[in-house]
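Reading the structure
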Amino acid sequence: MKKTLNFISIAVVALSLVSCGNDKKSSSETDVKLEAHEEQPMQKEEVDEMGEKNKASEKAPENKVDNAPLAFADNNANAVWEAYAKVQQALVASDSEKAKQEAAQLAMIFDERNAKLKTLAEGIATTDELPAQRKAFAAFATGAKAYFKSTIKAGTLYVQHCPMAFDGKGADWLAKDTAVTNPYFGAKMLNCGSVTATITQ
């Protein structure tokens, strides 16, 4: 009996260690749901600091878009979001050429008021190397959180995190729903990651 319990314990630990590395869709989805559930308390603390409105977004079911359509303060901010999403999709597809083109479009939207984000977007657009583009994208995603927080007017953006990115240093990105499509690994570990925070008005 003890041998059986020890074997089961070892199997559970082994499965948890390779959850992000498993590229089979069904088990990856299960792992992602478990990770998101485990990280829920951290999300609650962040949401509580932001106020009553954001508590409702915490209860949104997994893999569902928030009831309110995503909307931003002006056409410029909306264009930034759409361009950002296209860069992310290109990186998910591991298409460096497409990522370069879309990042160039993203950089063109910014003026001198957002010079830092413009420079970060140009960092993606000025290289053909996928690893370098992904690293620059991580920097842009981190910098863009404050921008989207100040311009979002309705709906919810989900901050997602991959703990395996960049040799275990981890990296964030933004998504309009809780479904995880990882821009740092693409098809290799498509569903590796979880929601760690939300951005709402």
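Anything mentioned here points back to the structure above.
The following paragraphs examine the structure supplied in this document. Everything numeric here is computed off the predicted structure, so don't read it as measured data.

We now examine helix α7 (residues 115-125). All buried positions along α7 are accounted for by L117, L120, A121, I124 and A125. Seen from one end, α7 has its buried residues packed into an arc of 150 degrees, which puts them on one side. Every exposed residue of α7 that faces more than 90 degrees away from the buried side is listed here: K116 and T119. Those residues of α7 hidden inside the fold are in contact with α5 (75-92), α6 (96-109) and α8 (130-151).

Scanning the model with the defined rule gives 4 salt bridges in all. Note that K98 is salt-bridged to E102, the shortest N-O span being 3.1 Å. One end of the pair, K98, and the other, E102, are both in helix α6, 4 residues apart, so they sit about a helical turn from each other. Residue classification places E102 among the buried residues on the basis of a relative accessible area of 13%. Between D111 and R113 there is a salt bridge; the shortest N-O distance is 2.8 Å. Overall, D111 belongs to the partly exposed group, its relative accessible area being 25%.

Now for the pairing of strand β3 (residues 157-162). Within a regular strand, the side chains alternate between the two sheet faces. In terms of burial, β3 is a largely internal element, 5 of the 6 residues being buried. Here 5 bridges tie β3 to strand β4 (residues 171-175), and the two strands are oriented antiparallel to one another. Note that in β4 the partner of Q160 across the bridge is W173.

So, about the packing of α6 against α7. Two elements in contact, α6 and α7, have axes separated by 7 Å at closest approach and are oriented at 160 degrees. Our classification of the angle between α6 and α7 gives roughly antiparallel. The chirality of how α6 crosses α7 is left-handed. In this structure, α6 contributes A99, K100, A103, A104, L106, A107 and M108 to the contact, and α7 contributes K118, A121, E122, I124 and A125. When its residues are assigned to classes, the contact of α6 with α7 shows 9 nonpolar, no polar and 3 charged.

Take Q88: it is sitting in helix α5. You can call Q88 buried: its relative accessible area is 8%.

It is worth spelling out the packing of α7 against α8 at this point. Where α7 meets α8, the axes come as close as 8 Å, and the angle between the chain directions of the two elements is 160 degrees. Compared by their axis directions, α7 and α8 come out roughly antiparallel. Handedness of the crossing formed by α7 with α8: left-handed. For the pair α7 and α8, the contacting residues are L117, L120, A121, G123 and I124 in the first and Q133, A136, F137, A139, F140, G143, A144 and Y147 in the second.

Let us look at the packing of aromatic side chains. Per the counting criterion, the structure on display carries 13 aromatic pairs. Ring centres of W81 and F148 lie 5.5 Å apart, and the angle between their planes is 85 degrees; on these two criteria the pair is classed as edge-to-face. Linking W81 in helix α5 with F148 in helix α8, this pair joins segments that are 67 residues apart in sequence. For the pair formed by W81 and F148, the shared burial category is buried. Consider the rings of F137 and Y184, whose centres lie 6.0 Å apart with planes at 55 degrees: the pair is tilted. Of the two residues, F137 is situated in helix α8 and Y184 in the loop between β4 and β5 (194-199); the sequence distance between them amounts to 47 residues. Y184 carries the same exposure label as F137, and that label is buried. Taken together, the ring pairs connect F72, W81, Y84, F110, F137, F140, Y147, F148, F166, W173 and Y184 into an aromatic cluster.

Rules of the game
Residues numbered from 1 in each chain as written. Predicted model: local features only at pLDDT ≥ 70, side-chain atom pairs only at ≥ 80, totals over all residues. Heavy atoms only, no water. Buried < 20%, exposed > 50% of the residue type's maximum accessible area, 1.4 Å probe, protein only. Helix = DSSP H or I, 4+ residues; strand = E, 2+ residues; numbered from the N terminus. Arc of directions from axis to C-beta. Contact = heavy atoms within 4.5 Å. Salt bridge = Lys/Arg side-chain N within 4 Å of Asp/Glu carboxyl O. Pairing = 2+ DSSP bridges. Axes fitted to C-alpha atoms, helices over the stretch in contact; angles between N-to-C directions. Parallel < 35°, antiparallel > 145°, perpendicular 65-115°, else oblique. Left-handed = near helix turned anticlockwise from the far one by under 90°. Nonpolar A, V, L, I, M, F, W, Y, C, P; charged D, E, K, R; others polar. Phe/Tyr/Trp six-rings, centres within 6.5 Å; stacked < 30°, edge-to-face > 60°.

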